[in-house]
Amino acid sequence: MRIAVLAESDKAEPRVAATPETVKKFVSLGAEVAVQSGAGAGAGVSDAEYAAAGAKIGAEPATTLAGADILLRVRRPSAAELAGAKQNLALICIMDPFGNEAALAGLAKAGVIAFAMEFMPRITRAQSMDVLSSQANLAGYRAVIEAAAEYGRSFPMMMTAAGTVPAAKVFIMGVGVAGLQAIATARRLGAIVTATDVRPATKEQVESLGAKFLAVENEEFQQAQTAGGYAKEMSKDYQAAQAELTASHIAKQDVVITTALIPGRPAPKLVSAEMVRSMRTGSVIVDLAAERGGNCELTKPGATAVENGVKIVGALNLAGRMAPTASSLYAKNLLAFVETLISKETKQLAIDWDDELVKATALTRDGAVVDARFKQA
């Protein structure tokens, strides 16, 4: 069995899908591992380190991919990048299929079995494979670091002979994995932290981290969580009530970090232009939902906008700004999943199509798109 690791074609993506640590593990499972030269450069991993771990270094994508049974990537490759690949190649990566149905259909036509790591079910068995959690955790941490750098003032209260410096007020909107890490990080830096989310279960989590919870706690709020633990899209009436509550609160904040995302949909607009203009000059908004259009009305994905003296940071791929750590966690997520696809007896790829993990993540098979959500392409 051969496992290939290709370099990312997107130059803005510094992460890599395998590390020397996971390469060693794959080799111990009986696999031959081929890594494209330079694949780990953005994450601080040299070709020599991969070679020392037991990998073969391929000079070009084609030679790395030749004969591979499994391909590991961070982001979805195009069908053209897989030219010459073995039929029924198992492609395992972050697929980002919503809005990219045509690209998914192209992979199906190329004979690829595509697995979307972001669709990994949130069950106990799959916790070690949860790429959304591992990467969001880092993004939440990095968002606070970015905010502190842009804010330019002290986060903790400081008592000095020249006077007292007040603590920064930080408001976290959306209390998933990223939001919880943002709360914890801002608290560690000494900020006064408040947070909001539509899911009632998050209130206790927020308060356990020493932050104050803010939400319209009506009947709809009590039913605002899916069985899988994700936030539901709220009604227009609830959104209006929540916006009214948060508007006056945002005006008093120094930093706002938004993290709200609904799978497969544009990011909900939580911060209006009017709210931004109510904030004092020098305040900062970090929008973690920028890749899906942003939670702030004035977010410019991939750029920092300034409105009335308020900075709106629309950073993309914040986890990628910590590429060595992010790659280490992501590679371990992939390793945990790949281990379930390999037969312990034959040491060969043996996909169990009845496995709940496979059912949840497989998007293409036998030349067709098998996930009903994307079949129209």
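The structure under discussion appears in the preceding block.
Cut-offs and rules
- Residues numbered from 1 in each chain as written.
- Predicted model: local features only at pLDDT ≥ 70, side-chain atom pairs only at ≥ 80, totals over all residues.
- Heavy atoms only, no water.
- Helix = DSSP H or I, 4+ residues; strand = E, 2+ residues; numbered from the N terminus.
- Rg over C-alpha atoms; globule rule 2.2 N^0.38 Å.
- Buried < 20%, exposed > 50% of the residue type's maximum accessible area, 1.4 Å probe, protein only.
- Contact = heavy atoms within 4.5 Å.
- Areas by Shrake-Rupley, 256 points an atom, 1.4 Å probe, with all protein chains shown as cover.
- Arc of directions from axis to C-beta.
- Polar contact = N/O pair within 3.5 Å; in protein donor to acceptor, adjacent residues only side chain to side chain.
- Right-handed = clockwise from strand over helix to strand, strands pointing away.
- Pairing = 2+ DSSP bridges.

Turning our eyes to something else, we now look at the overall build of the protein chain. Scanning the protein chain for helices and strands turns up twelve helices and 17 strands. Its C-alpha atoms give the protein chain a radius of gyration of 22 Å, near enough to 21 Å, the size a compact globule of 377 residues would have. Seen through its principal axes, the protein chain has C-alpha atoms that stretch 65 × 50 × 35 Å. Per-residue burial over the protein chain gives 50% buried out of 377 residues. Summarising the internal contacts of the protein chain: among those between residues at least 6 apart in sequence, 64% fall at separations of at least 24. Accessible surface for the protein chain amounts to roughly 16500 Å². Of this, 53% is attributable to carbon and sulfur atoms.

Looking only at helix α1 (residues 20-28), the buried set comprises P20, T22, V23 and F26. Angular distribution of buried residues about the axis of α1 spans 160 degrees; they occupy a single face of the element. In this structure, α1 carries K24 and S28 as exposed residues pointing more than 90 degrees from its buried face. Where the residues of α1 are buried, they touch β1 (2-5), β2 (32-36), α2 (47-52), β4 (70-75) and α11 (323-341). G30 sits one or two positions beyond α1 and adopts a positive phi of about 100 degrees.

It is worth spelling out the side chain of D197 at this point. Inspection of the secondary structure puts D197 in the loop between β10 (192-196) and α7 (202-208). Among the polar contacts made by the side chain of D197, one reaches the main-chain amide nitrogen of V175 at a distance of 2.6 Å. A distance of 2.8 Å separates a polar side-chain atom of D197 from the backbone nitrogen of R199. Each residue touching D197, except ones within four places of it in the same chain, is listed here: G174, V175, G176, T202, F213, L214, A215 and F221.

Before going further, it helps to spend a moment on the pairing of β2. In terms of burial, β2 is largely enclosed, as four of its five residues are buried. A crossover connection joins β1 to the parallel β2 through α1; in handedness this β-α-β unit is right-handed. This β-α-β element, β2 to α2 to strand β3 (residues 56-58), shows right-handed connectivity.

For the rest of this paragraph, the subject is unusual backbone geometry. Within the chain, N308 stands out as a residue other than glycine whose phi angle is a positive 55 degrees. Along the chain, N308 falls in the loop between β14 (304-307) and β15 (310-313). Phi angles above zero are rare outside glycine, and D366 is one such case at about 55 degrees. For D366, the location among the structural elements is in the loop between β16 (364-365) and β17 (368-369). Owing to a relative accessible area of 63%, D366 belongs among the exposed residues under this scheme.

Two strands pair when backbone bridges link them, and β14 and β15 are joined in this way by four bridges, in the antiparallel orientation. Note on β15: the bridge partner recorded for A305 is I312. Linking β14 back to β15 in an antiparallel pair, the connection comprises two residues, with N308 at a positive phi of about 55 degrees.

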